[in-house]
Amino acid sequence: MKSAVETLNPTRVRLTVEVPFEELKDSLDAAYKKINQQVTVKGFRKGKIPARVIDQRFGRGAVLEEAVNDALPKFYTEAVNEAELSVLGQPEVDITELKDGETLNFTAEVDVRPAIEIPDYSGIEVEVDAIEVTDEDVDKSVEQLRERFASTTPVERAAEDGDVVTIDLEAKVEGEVLEDGIANGVSYTIGSGELLDGIDDAVKGLEAGGEATFTSELKGGSAAGKEAEVTVKVTQVAKRELPELDDDFAQLASEFDTLEELRADSRKRLTNMKQYDQATQAQERVLEKLLELVEVPVPEKLLEDEINTRKHNLEHHQLGQMGLDLAKYLEIQGKTEEEFDAETKEAAVKGIKTQFVLDELVKQEKLNVNQEELTEHLMRRAASSGMSPDQFAQAVVEGGQVPLLVGEVARGKALAVVVEKATVKDTNGEIIDLDDEDEVETAAEVAAEAADGDAADTTEAAAEAPAEEKNEG
């Protein structure tokens, strides 16, 4: 087999492959064997029909077609490996010449990863928010904990702000009660904003047994987004009582003996959270600066696939879970379809560039992923998905997604290398040292978020065989 590569543009090549006919022998034998198992010829046992009889009865062309279809993936893969190409997606294959007993010639056009030159990135400088935890922040944190330990006591009076009411709801659209528009025994805190718009005004002033009707736009269910007439009946009014902020509360709500110790722990936790947010912000901004330094051509087909993937995930997963369609989502966001398409394309381009640049850095810096790093990343991904580590690991293995996770960790390590060499200052002008044990994992999350969709990875994984043939021979 002989092959040559022609560069059509920075992200696409054409392979020209010439295969001597003798190299098709194994595929021809397999074709005769396959046809033998599929057909019946009088006078011959199934599977024992001579090749000359198959040629006479069914035509040599049918055998050649079967043999070529079997052989093309192998010769294409050999040509890709010989040229050391990093292909993206599946090729368009043209059989340019097929002469029985002589030769098979074909071309294959396919997208490839562009050659990327990473410039010196040691001069990158970014600014991040300074870490500041105020007494008010601590007060708010402790108050939120206090709210969790609130108790309720039924009262015989009209409902007021902050009360917990037990209510029955019935929603009608165009005069018809919805199948999923009835809910009984719902507990609701007045003023929390957790249910329908207008419900607070409706229930305030009602005693147990009272009811009111109001109109509101439904946020979910079969009639999400539609105006409904909602009848609410109060079955109980209860007053919320917060525990006193003292040492007894600290012992009730935490492992600490005093309120002072509880507040100190709250301050520490808030500081840790802000440090994590600061590190994430630094990595995001360093990544943006890095992408500005590198010229990255983006394959058109890959970009199209990535845009379609992002739209599909939004419409059929995220919005579907909220009972919204794309039109309603755009209305809520105050965006036109054109603005949405432009933003999606911009995010897709950034995602592809992020993968290309960080993958090139992984090669350049000779970065590897060890088992401990992969396990830690897997556990974090499992926690964010709501699955146990064992369940998540099983799903990853069964779905063949281990290489994707390895890629995420490797890109995180590449980004961490860049961040380490960058100058990071906070808004107070202080230089920030981000060198901590969680830096790589945080960077992996930032890189994965920026590259959301993994189009480059999935298309590479699918590039094992030609998918489209146009026989011109």
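Residues numbered from 1 in each chain as written. Predicted model: local features only at pLDDT ≥ 70, side-chain atom pairs only at ≥ 80, totals over all residues. Heavy atoms only, no water.

Caption draft 1: Spotlight on the environment of Ala422. One can find Ala422 in the loop between helix H13 (402-421) and strand E11 (423-426). A residue is classified by how much of its surface remains accessible, and Ala422, at 13% relative accessible area, is buried. Separated by 324 residues in the primary sequence, Ala422 and Leu98 place their C-alpha atoms 57 Å from one another. Contact partners of Ala422, with chain neighbours within four places excluded, come to Ile124 and Val286. (Helix = DSSP H or I, 4+ residues; strand = E, 2+ residues; numbered from the N terminus. Buried < 20%, exposed > 50% of the residue type's maximum accessible area, 1.4 Å probe, protein only. Contact = heavy atoms within 4.5 Å.)

Caption draft 2: Representation of the pairing of E11 in the model. Every second residue of E11 is oriented toward a common face, the buried set being Val424 and Asp426 and the non-buried set Thr423 and Lys425. Looking at chain direction, strand E5 (residues 125-128) and E11 are connected through four bridges and run parallel. By the bridge assignment, Val126 is partnered in E11 with Val424. (Pairing = 2+ DSSP bridges.)

Caption draft 3: Spatial organisation of the nonpolar core. If you look at the biggest cluster of nonpolar residues, it comprises 41 residues, and the most contacted ones within it are Tyr121, Ile124, Val286, Leu290, Leu358, Leu361 and Leu415. Contributions of two or more residues to this core are made by E5, helix H7 (259-293), helix H8 (300-322), helix H10 (337-364), H13 and helix H14 (439-450). If near-sequence neighbours (up to four positions away) are discounted, Leu290 is found in contact with Tyr121, Ile124, Val357, Leu358, Leu361 and Val418. By size, the runner-up hydrophobic cluster in this structure holds 32 residues, among which are Tyr32, Ala71, Leu72 and Val110. (Core = buried A, V, L, I, M, F, W, Y, C linked by side-chain atoms within 4.5 Å.)

Caption draft 4: Up close: the packing of aromatic side chains. One pass over the structure, following the stated rule, counts one aromatic pair. Ring centres of Phe149 and Phe249 lie 6.2 Å apart, and the angle between their planes is 85 degrees; this geometry places the pair in the edge-to-face category. Of the two residues, Phe149 is situated in the loop between helix H4 (135-148) and strand E6 (151-154) and Phe249 in helix H6 (residues 247-253); the sequence distance between them amounts to 100 residues. (Phe/Tyr/Trp six-rings, centres within 6.5 Å; stacked < 30°, edge-to-face > 60°.)

Caption draft 5: Layout of the pairing of strand E7 (residues 164-173). The pairing of E7 with strand E8 (residues 176-189) spans eight bridges and is antiparallel. Paired with Ile167 across the strands is Val186, a residue of E8. In this structure, the hairpin formed by E7 and E8 is closed by a connection of two residues, where Glu174 is found at a positive phi of approximately 55 degrees. The pairing of E7 with strand E10 (residues 227-241) spans nine bridges and is antiparallel. Paired with Ala171 across the bridge in E10 is Val230.

Caption draft 6: View of the confidence of the model for the chain. Chain-level pLDDT for the chain is 88 on average; 93% of the residues reach the 70-or-more range. Within the chain, the element-level pLDDT minimum falls on strand E12 (residues 468-471), averaging 38, and the maximum on E5, averaging 96. The low-confidence segment residues 454-473 (pLDDT under 50) makes 62 contacts with residues lying over four places distant or belonging to another chain. (pLDDT = per-residue confidence, 0-100.)

Caption draft 7: The arrangement of the pattern of salt bridges in detail. Applying the stated criterion across every chain, the model contains 33 salt bridges. One salt bridge in this structure joins Arg113 and Asp359, with 2.9 Å as the shortest N-O distance. With Arg113 in the loop between strand E4 (103-112) and E5 and Asp359 in helix H10, this residue pair connects regions lying 246 residues apart in the sequence. Residue classification places Asp359 among the buried positions, given a relative accessible area of 16%. (Salt bridge = Lys/Arg side-chain N within 4 Å of Asp/Glu carboxyl O.)

Caption draft 8: Broad picture of the UniProt feature "domain: PPIase FKBP-type" (unreviewed entry) in the chain. The UniProt entry lists residues 162-215 under the feature "domain: PPIase FKBP-type" (unreviewed entry), expressed in the numbering used here. In this annotation, residues 162-215 is assigned 9% helix and 54% strand; the end-to-end C-alpha distance for the span is 22 Å. (UniProt positions renumbered as here; feature names shortened; annotations may be inferred.)

Caption draft 9: Structural detail: the packing of H7 against H10. Two elements in contact, H7 and H10, have axes whose closest approach is 10 Å; the angle formed by their N-to-C orientations is 85 degrees. Taken together, H7 and H10 sit at an angle that is classed as roughly perpendicular. Contact residues: Leu287, Glu288, Leu290 and Leu291 in H7; Lys350, Lys353, Thr354, Val357, Leu358 and Leu361 in H10. Taken together, the residues of the contact of H7 with H10 sort by class into six nonpolar, one polar and three charged. (Axes fitted to C-alpha atoms, helices over the stretch in contact; angles between N-to-C directions. Parallel < 35°, antiparallel > 145°, perpendicular 65-115°, else oblique. Nonpolar A, V, L, I, M, F, W, Y, C, P; charged D, E, K, R; others polar.)

Caption draft 10: Focus on H10. Taking 1.5 Å as the rise per residue, H10 with 28 residues should run 40 Å; its terminal C-alpha atoms sit 40 Å apart, in good agreement. At the C-terminal side of H10, Lys366 shows a positive phi close to 55 degrees. (Expected span 1.5 Å × (residues − 1).)

Caption draft 11: Up close: the packing of H4 against H7. For the pair H4 and H7, the least separation of the axes is 9 Å and the interaxial angle reads 110 degrees. By the angle class used here, H4 and H7 are roughly perpendicular. Across the interface between the two elements, Asp135, Asp137, Val138, Asp139, Ser141, Val142 and Leu145 from H4 touch Leu262, Arg263, Ser266, Arg267, Arg269, Leu270 and Lys274 from H7. Its residues assigned to classes, the contact of H4 with H7 shows five nonpolar, two polar and seven charged.

Caption draft 12: Local environment of helix H9 (residues 326-333). Of all the positions in H9, only Leu326, Lys328, Tyr329 and Leu330 are classed as buried. Looking at the buried side of H9, the elements it contacts are strand E9 (211-217), H8 and H10. Where H9 ends, the next residue or the one after it, Gly334, has phi of about 70 degrees, a positive value.

Caption draft 13: Highlighting the side chain of Ser266. As for its position among the elements, Ser266 is in helix H7. Aside from chain neighbours lying at most four places away, what touches Ser266 is Val138, Ser141 and Val142.

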